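Here is what each chain is made of, one letter per residue.
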Amino acid sequence: MSSPEDFICLGCKGFILRRGPRGGLSENIEYVGCGSRFNVARWHGLLISAERIPNDSVWREDMFAKVLQ
């Protein structure tokens, strides 16, 4: 079963990410290295879709733990 950590960024090839807002099957993730953001949807560990989202989309910093790279 895969997790968001199993995804590698298409831009920076990084694998360290921060989880963002989520609901239903979808979850927003942000790669720490380059700041690229994606909305990913998974079902039983299978990636259903991955879509790049704008870096200026709403992302509440106070809701998520900081990750250092």
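Below is a short write-up of the structure. (Residues numbered from 1 in each chain as written. Predicted model: local features only at pLDDT ≥ 70, side-chain atom pairs only at ≥ 80, totals over all residues. Heavy atoms only, no water.)

Some remarks on the environment of Ile-29
By the element assignment, Ile-29 lies in strand β2 (residues 26-31). Overall, the relative accessible area of 1% leaves Ile-29 in the buried class. Taking C-alpha positions, Ile-29 is 4.7 Å from Arg-19, a pair spaced 10 residues apart along the chain. (Helix = DSSP H or I, 4+ residues; strand = E, 2+ residues; numbered from the N terminus. Buried < 20%, exposed > 50% of the residue type's maximum accessible area, 1.4 Å probe, protein only.)

Some thoughts on the sheet that holds strand β1 (residues 17-23)
Pairing within the open sheet is antiparallel, and its 4 strands lie in the order β1-β2-β3-β4. Looking at the sheet topology across the chains shown, the edges are occupied by β1 and β4 (46-53). Averaged over all adjacent pairs, the angle separating strand axes in this sheet is 25°, with direction ignored. Pairing of β1 with β2 involves 5 bridges; the strand directions are antiparallel. Within β2, the residue paired with Gly-23 across the bridge is Ser-26. (Pairing = 2+ DSSP bridges. Axes fitted to C-alpha atoms, helices over the stretch in contact; angles between N-to-C directions.)

A closer look at unusual backbone geometry
The phi torsion at Lys-13 lies on the positive side, around 65°, for a residue other than glycine. By secondary structure assignment, the location of Lys-13 is in the segment before β1.

Here we look at the packing of aromatic side chains
Here the structure, examined in full by the defined rule, presents 1 aromatic pair. Ring geometry for Tyr-31 versus Phe-38: centroids 5.9 Å apart, planes at 80°, classification edge-to-face. (Phe/Tyr/Trp six-rings, centres within 6.5 Å; stacked < 30°, edge-to-face > 60°.)

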